[in-house]
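Residues per chain are reported as follows:
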2 protein chains.
Amino acid sequence: MKITAQEEYGLRCLLQLARAPQGELVSVKEIGTREGLSPAYVEKLLRVMSRSGLVHSVRGVKGGYIMNRPPAQVSLGEVIRVLGTMPSTSQICTDFTGNQQACVHFSDCGIRSVWSGLTNYIQSFLDQTTLASLLGQEYAVAEQLSKRTGNKNGTNGTPLNGGG
Amino acid sequence: MKITAQEEYGLRCLLQLARAPQGELVSVKEIGTREGLSPAYVEKLLRVMSRSGLVHSVRGVKGGYIMNRPPAQVSLGEVIRVLGTMPSTSQICTDFTGNQQACVHFSDCGIRSVWSGLTNYIQSFLDQTTLASLLGQEYAVAEQLSKRTGNKNGTNGTPLNGGG
DNA sequence: CGTATACTTGACAAAAAAGTCATATTAACA
DNA sequence: TGTTAATATGACTTTTTTGTCAAGTATACG
């Protein structure tokens, strides 16, 4: 069970966009500097998200990337599905390289059921988490209000779980 | 988010041992045949589990592999921790190759908290699932009873989730 | 226009994971 | 005690994933 590099770094880059004031573009170079990643790599990750409509890009001098939807309306599940290789429930076992007979046709294959159960379980966690919540509740609220008050910069809130 | 090959195939091999009648050794060759995997690969996977005490090996002519504990007393979580590279909560971000400043010291790193929350969430699912339950409830019961009745062969039961 | 800045693209290089092989060791059994 | 069947091990090859590069295209601005 593993979080892939593409998911980890892709999410980091996306959060940089999520943190930017509404409507403001952020350049690849800027994100690279903030996250300590090479611009070429950041570019690659952003491109994946751009192609799937998660972010929007603007070329040319003053160009950059920007989120297509506000962070409160994007779930982690969506991001991970775009960046990663999370198997959809229906794909479980279809790319198994072993004995398909033993896997698909016999009823004593205990694997499919756990993997699909686990996958659903994880998806439900991810789908219930929005990017805004990752930036802290304060930020999420600030975002909602920003359209009215003009206060744009959320600093930090309570994390989901005090990890170390 | 990905289930690694080692986890997938390692678990399959382990389940073959779990299905074997109590006290009976199963050879690598036999497992390979049943799962459609090469003996060399099965060997490698079993070795990992052997070194960490999940299974026991017996060399020589009538040798083979056998579980160290009954399937009802082994959790999926334990198996996955042995086979895979699930990050422990404390490791989250320590192997991040980017800007550690941005990750560790700033409070606006929303990553650590989600990853550790997600990791805990997954672990709790895995820790609550025993190998016996993967073989179907009937089997789990049969196992418990086998010491008294001598009925050793559980066939199949209801999967956790009708995946496909 | 021309130039500087930024995204776009596909090919490539490096690293990690997956899977194989040859060889050594152990134990049963005739 | 020699043969056979099995595990043990580490080096090796292949495949996949990560990450880089160089050349191209679009846009702002002087």
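What comes next is a walk through the structure. The structure displayed is predicted, hence computed values, not measured ones.

### Observations regarding the overall build of chain A
Tallying secondary structure elements over chain A gives 8 helices and 2 strands in all. Beginning at the N terminus, the succession of helices and strands in chain A can be written as α-α-α-β-β-α-α-α-α-α. Expressed as a percentage of the 164 residues in chain A, the buried residues total 48%. Put simply, chain A shows about 7900 Å² of open surface, and 51% of that area lies on carbon and sulfur atoms.

### Observations concerning the packing of aromatic side chains
Taken as a whole and judged by the stated rule, the model has 5 aromatic pairs over all chains. Aromatic side chains A:Y121 and B:F125 sit 4.8 Å apart centroid to centroid with 50° between the ring planes, which places their arrangement in the tilted category. In this pair, A:Y121 sits in helix α6 (residues 111-127) while B:F125 sits in helix α6 (residues 111-127), so the two residues belong to two different chains. Between B:Y9 and B:Y41 the ring centres are 6.0 Å apart and the planes differ by 65°, which places this aromatic pair in the edge-to-face class. Of this pair, B:Y9 sits in helix α1 (residues 5-19) while B:Y41 sits in helix α3 (residues 39-51), and the two are 32 residues apart along the sequence. The exposure class of B:Y41 is partly exposed, given its relative accessible area of 27%. Through a chain of ring-to-ring contacts, three or more aromatic side chains come together here, namely A:Y121, A:F125, B:Y121 and B:F125.

### Regarding the packing of helix α4 (residues 76-83) of chain A against α6(A)
Residues and elements named next belong to chain A. Contact pair α4 / α6: the axes reach a minimum separation of 6 Å and the direction vectors enclose 120°. Considering the angle they form, α4 stands oblique to α6. Within the contact between the two elements, α4 uses L76, G77, E78, I80 and R81 and α6 uses Q123, L126 and D127. The class makeup of the residues in the contact of α4 with α6 is 3 nonpolar, 2 polar and 3 charged.

### Remarks on helix α2 (residues 28-35) of chain A
Residues and elements named next belong to chain A. Within the span of α2, buried status applies to V28, I31, G32 and E35. When α2 is viewed along its axis, its buried side chains cluster within an angular range of 100° and face the same direction. Turned more than 90 degrees off the buried face of α2, the exposed positions are K29 and T33. Those residues of α2 that are buried are in contact with α1 (5-19), α3 (39-51) and β2 (64-67). Positive backbone phi, at 70°, marks G36, one or two positions downstream of α2.

### Re the protein's contact with DNA strand C
The full set close to DNA strand C counts 26 residues, and A:R47, A:Y65, B:S38, B:Y41 and B:R59 are the nearest of them. When the atoms of DNA strand C within 4 Å of the protein are sorted by group, sugar and phosphate make up 64%. At 3.2 Å, a backbone N or O of A:V28 approaches a phosphate oxygen of DNA strand C. In the model, a phosphate oxygen of DNA strand C is placed 2.5 Å from a nitrogen or oxygen of the B:S38 side chain. Of all the secondary-structure elements, those providing two or more residues to the surface near DNA strand C are α3, β1 (55-58) and β2 of chain A together with α1 and α3 of chain B.

### Considering the protein's contact with DNA strand D
Taken together, 26 residues are adjacent to DNA strand D, and A:S38, A:Y41, B:R47, B:S57 and B:Y65 come closest. In DNA strand D, atoms within 4 Å of the protein come from the sugar-phosphate backbone in 66% of cases. Here a phosphate oxygen of DNA strand D sits 2.4 Å away from a polar atom, N or O, in the side chain of A:S38. B:Y65 has a polar side-chain atom sitting 2.5 Å from a phosphate oxygen of DNA strand D. Elements that contribute at least two residues to the surface near DNA strand D include exactly α1 and α3 of chain A together with α3, β1 (55-58) and β2 (64-67) of chain B. Among the residues making up the surface near DNA strand D, the classes are represented as 10 nonpolar, 8 polar and 8 charged.

### What about the side chain of B:E8?
In this fold, B:E8 is placed in helix α1. At a separation of 2.8 Å, a polar atom in the side chain of B:E8 contacts the side chain of A:W115.

### Regarding the pattern of salt bridges
All names here are of chain B. One pass over the full model with this rule turns up 10 salt bridges over all chains. Between R12 and E8 there is a salt bridge whose closest N-O contact spans 2.7 Å. On the criterion of helical spacing, the pair formed by R12 and E8 is a turn pair, its members being 4 residues apart in helix α1. Overall, E8 belongs to the buried group, its relative accessible area being 13%.

### A closer look at the pairing of β1(B)
All names here are of chain B. Pairing geometry for β1 and β2, over 4 bridges, is antiparallel. Bridging from a neighbouring strand, V55 pairs with M67 of β2. Between β1 and β2, which follow one another and run antiparallel, lie 5 residues, and G60 among them has a positive phi close to 90°.

### Digging into unusual backbone geometry
Glycine aside, residues mostly have negative phi, and peptide bonds are mostly found in the trans state. The backbone phi angle of A:K62 is positive, close to 55°, even though this residue is not glycine. Summarising the element assignment, A:K62 is placed in the loop between β1 and β2.

### Some words on helix α4 (residues 76-83) of chain B
Of all the positions in α4(B), only B:L76, B:G77, B:V79, B:I80 and B:L83 are classed as buried. Buried residues of α4(B) fall within an arc of 160° about the axis and therefore sit on the same side.

About the thresholds
Residues numbered from 1 in each chain as written. Chains lettered and ligands numbered in written order. Predicted model: local features only at pLDDT ≥ 70, side-chain atom pairs only at ≥ 80, totals over all residues. Heavy atoms only, no water. Helix = DSSP H or I, 4+ residues; strand = E, 2+ residues; numbered from the N terminus. Buried < 20%, exposed > 50% of the residue type's maximum accessible area, 1.4 Å probe, protein only. Areas by Shrake-Rupley, 256 points an atom, 1.4 Å probe, with all protein chains shown as cover. Phe/Tyr/Trp six-rings, centres within 6.5 Å; stacked < 30°, edge-to-face > 60°. Axes fitted to C-alpha atoms, helices over the stretch in contact; angles between N-to-C directions. Parallel < 35°, antiparallel > 145°, perpendicular 65-115°, else oblique. Contact = heavy atoms within 4.5 Å. Nonpolar A, V, L, I, M, F, W, Y, C, P; charged D, E, K, R; others polar. Arc of directions from axis to C-beta. Near = heavy atom within 4 Å. Polar contact = N/O pair within 3.5 Å; in protein donor to acceptor, adjacent residues only side chain to side chain. Salt bridge = Lys/Arg side-chain N within 4 Å of Asp/Glu carboxyl O. Pairing = 2+ DSSP bridges.

Don't take any of this as a statement about function, it's just geometry.
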